[in-house]
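Architecture and fold: a report
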Amino acid sequence: MNFTEHRKTLKETVRIKGIGLHSGKEVNLIGHPAPAGTGVVFEYRKGEDKASIPVELSNVVDTSNATTLGDGLHRVQTVEHLMAAVFSVGITDMILEIDSVEVPIMDGSSLPFLEAFESTGYTEFEERIEPIYVKNPMWVVDGDKYLVILPSETWKVTYTIDFPHPLLKGQNITIDLDRDILKNEILPARTFGFLKDVEALQARGLAMGGSLDNAIVLTQDGYLNESLRYENECVRHKILDLVGDLSIAGRPIIGHYLASKAGHALDVSMAKLVMSSVTGNELGKYKSRRIPLFNRKAAMV
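Each chain has its residues counted from 1, running along the sequence as written. Whole-chain, interface and lining totals are the exception, using all residues; otherwise, since this is a predicted model, local features are given only for residues with pLDDT of at least 70 and side-chain atom pairs are given and counted only at 80 or more. Heavy atoms throughout the structure, all of them, feed into the side-chain values; hydrogens and water do not.

Let's talk about the sheet that holds strand β8 (residues 75-76)
The cut-off we apply is this: In this analysis, strands are considered paired if DSSP registers two or more bridges between them. Each helix is a run of DSSP H or I of at least 4 residues and each strand a run of E of at least 2, with the numbering of both proceeding from the N terminus.
Spatially, β6-β7-β8 is the arrangement adopted by the three strands of the open sheet, whose pairing is antiparallel. A single partner strand is all that each edge strand has here, and the edge strands are β6 (60-62) and β8. Of the strand pairs in this sheet, β6 and strand β7 (residues 68-70) are connected by two bridges, and their pairing is antiparallel. Paired with D62 across the two strands is T68, which belongs to β7.

Considering the UniProt feature "binding site: Zn(2+)" (unreviewed entry) in the protein chain
Short version of the rule: UniProt positions are given in the numbering used here, feature names are shortened, and annotations may be inferred rather than shown by experiment. The method works on a 1 Å grid over the protein atoms by themselves. A cavity is a set of points holding a 1.4 Å probe that cannot get out, a pocket is an open set with protein on both sides within 12 Å along at least five of seven lines, and residues with an atom within 4 Å of a point line them. Think of it in three bands: residues with accessible area under 20% of the maximum for their type are buried, residues over 50% are exposed, and the middle band is partly exposed, with areas taken using a 1.4 Å probe on protein chains only. The contact definition used throughout considers only heavy atoms, calling two residues in contact when any of these lie within 4.5 Å.
The feature "binding site: Zn(2+)" (unreviewed entry), as annotated in UniProt, sits at H81, H237 and D241 in this numbering. In terms of the greatest pairwise C-alpha distance, the residues named above, spread along 161 residues, form a tight cluster of at most 9.3 Å across. When only the residues just named are considered, the largest pocket is lined by H81, H237 and D241. By secondary structure assignment, the location of H81 is in helix α1 (residues 80-88). Note on H81: relative accessible area 5%, which makes it buried. Excluding residues that lie within four positions of it along the chain, H81 makes contacts with I105, G108, S109, S110, F113, T191, H237, L240 and D241. Considering the arrangement of structural elements, one finds H237 in helix α5 (residues 233-246). The exposure class of H237 is buried, given its relative accessible area of 1%. Sequence-distant contacts of H237, defined by excluding residues within four places in its chain, comprise H81, G108, A189, R190 and T191.

Brief notes about the environment of D99
Operational definition: Counted as a polar contact is a pair of N or O atoms within 3.5 Å, where, for protein atoms, one must be capable of donating a hydrogen and the other of accepting one, and residues adjacent in sequence contribute only when both atoms are in side chains.
With respect to the element layout, D99 can be found in the loop between β9 (94-98) and α2 (111-120). D99 sits 50 residues away from D49 along the chain, and the two C-alpha atoms are 9.5 Å apart. What D99 contacts, discounting residues up to four positions off in sequence, is V27, N28, Y44, R45 and K46. Looking at D99, its side chain comes within polar contact range of the main-chain nitrogen of N28, at 2.9 Å.

Some words on the domain arrangement of the protein chain
For the record, the criterion: Source of the domain bounds: an automatic or database domain assignment. Values labelled buried area give the accessible surface lost by two parts on being combined, using a 1.4 Å probe and summing over both.
Structurally, the protein chain comprises domain 1 (5-129) and domain 2 (132-279). Here domain 1 and domain 2 have C-alpha centroids that lie 19 Å from each other. Contact residues are listed per partner, giving 36 residues for domain 1 and 37 residues for domain 2. Of the roughly 2700 Å² buried between domain 1 and domain 2 on both sides combined, carbon and sulfur atoms contribute 66%.

Observations concerning the nonpolar core
Filter applied, for reference: For this analysis, a nonpolar core means a set of buried residues of the types Ala, Val, Leu, Ile, Met, Phe, Trp, Tyr and Cys, connected via side-chain atoms within 4.5 Å.
F42, F117 and Y257 are the most contacted members of the largest nonpolar core, which totals 74 residues. Among the elements that make up this core, the one with the highest residue count is α5 (seven residues). Looking at this core, you find at least three residues from each of domain 1 (5-129) and domain 2 (132-279). If sequence neighbours within four positions are ignored, F42 has contacts with L29, A51, S52, I53, V55, L69, V76, V79, L82, L96, I98 and V103.

Describing the UniProt feature "active site" (unreviewed entry) in the protein chain
Within this numbering scheme, the UniProt entry marks H264 as carrying the feature "active site" (unreviewed entry). Inspection of the secondary structure puts H264 in helix α6 (residues 264-276). Discounting chain neighbours no more than four positions away, the residues touching H264 are T63, N65, A66, T67, E80, D241 and D245. Within the structure, the side chain of H264 is placed 2.8 Å from the side chain of D245, a separation counted as a polar contact.

Observations regarding empty space enclosed by the protein
As a reminder, the rule being used: Grid points are joined across faces, edges and corners, and a volume is the space filled by probe spheres set on the points. Each residue receives one of three labels: charged for Asp, Glu, Lys and Arg, nonpolar for Ala, Val, Leu, Ile, Met, Phe, Trp, Tyr, Cys and Pro, and polar for the others, Gly being one of them.
Counted by the stated rule, this structure contains one cavity of 30 Å³ or more. Taken together, F87, W155, V243, L246, S247, R251, P252, I253 and I254 make up the full set of residues lining the largest cavity. When contributions to the lining of the largest cavity are tallied by element, the ones reaching two or more residues are α5 and β18 (253-254). Within the lining of the largest cavity, the residues separate by chemical class into seven nonpolar, one polar and one charged.

Regarding the packing of α1 against α2
As a reminder of what qualifies: In this analysis an axis means a line fitted to C-alpha atoms, helices contributing only their contacting stretch, and an angle means the value between N-to-C directions, from 0 to 180 degrees. Here the word oblique covers every angle except those under 35 degrees (roughly parallel), over 145 (roughly antiparallel) and from 65 to 115 (roughly perpendicular). With the far helix as reference, a near helix turned anticlockwise by less than a right angle produces a left-handed crossing, and one turned clockwise produces a right-handed crossing.
Packing of α1 against α2 brings their axes to within 8 Å, and their N-to-C directions diverge by 40 degrees. On the basis of their axis angle, the class for α1 and α2 is oblique. As α1 packs across α2, the resulting crossing turns out to be right-handed. Here α1 contributes H81, L82, A85 and V86 to the contact with α2, which in turn contributes F113, L114 and F117. Each residue belonging to the contact of α1 with α2 can be placed in one class, and the counts come to six nonpolar, one polar and no charged.

Here's what the structure looks like:
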């Protein structure tokens, strides 16, 4: 697949409503069309409290349980499922107005975001976005976890997860990715968690919006859910997370990814490593020219 394509935005405003995974409260997310070069920008707005948080690697402030963006004063967490859908349809410019500190969890996958975007259609600009093809192997490692990218003319992922659970020990997949495969084979894969962990989180006032409607929940030796969308849905969701995290770089990073027990921290570290190898001229060529809805507040230091 040729990942070189025109910059793109939504044709019309799209409204998305759901609950926050941790708060359990309703979240309103509105996608606005934006001029070419704006980039993807979260505009937090709740009452008189307003902030603009561009989606870029320098604004990633936490990767412990999800990918969180922030400006030092405000945060928007769990952006990866939304960003996987944004990347998969090729949107490069959009304002995402939100009234919560977390993106709605929806059904635990990227599918509802994809459907919302496709319901309105897109506007293409003359300006193009060029992908980054890595020229040499690159890797990030954390103990027994690793993420490697090898030079490749096609985008390919080999991913292995290994949790202490009979259904998730050594679950793996190798898959060639293009936008159709992303939409049909990756974006519908739901997030997953263990029942014991969910119960512990809810006892601390977290994961209050978590349910079988928005996650695969694993018991000691099986699933609480009646059925899965794919036999290996959990490892497919890890690829979804990888796609969403890498998209924060702002350009497709093409290669063969080899991942073992990786996660948000390694995903973002890899994106930063690749972008650090891109020359200043290349970075400047695609630097966003943002036109936020609101004036960004100064970050606290």
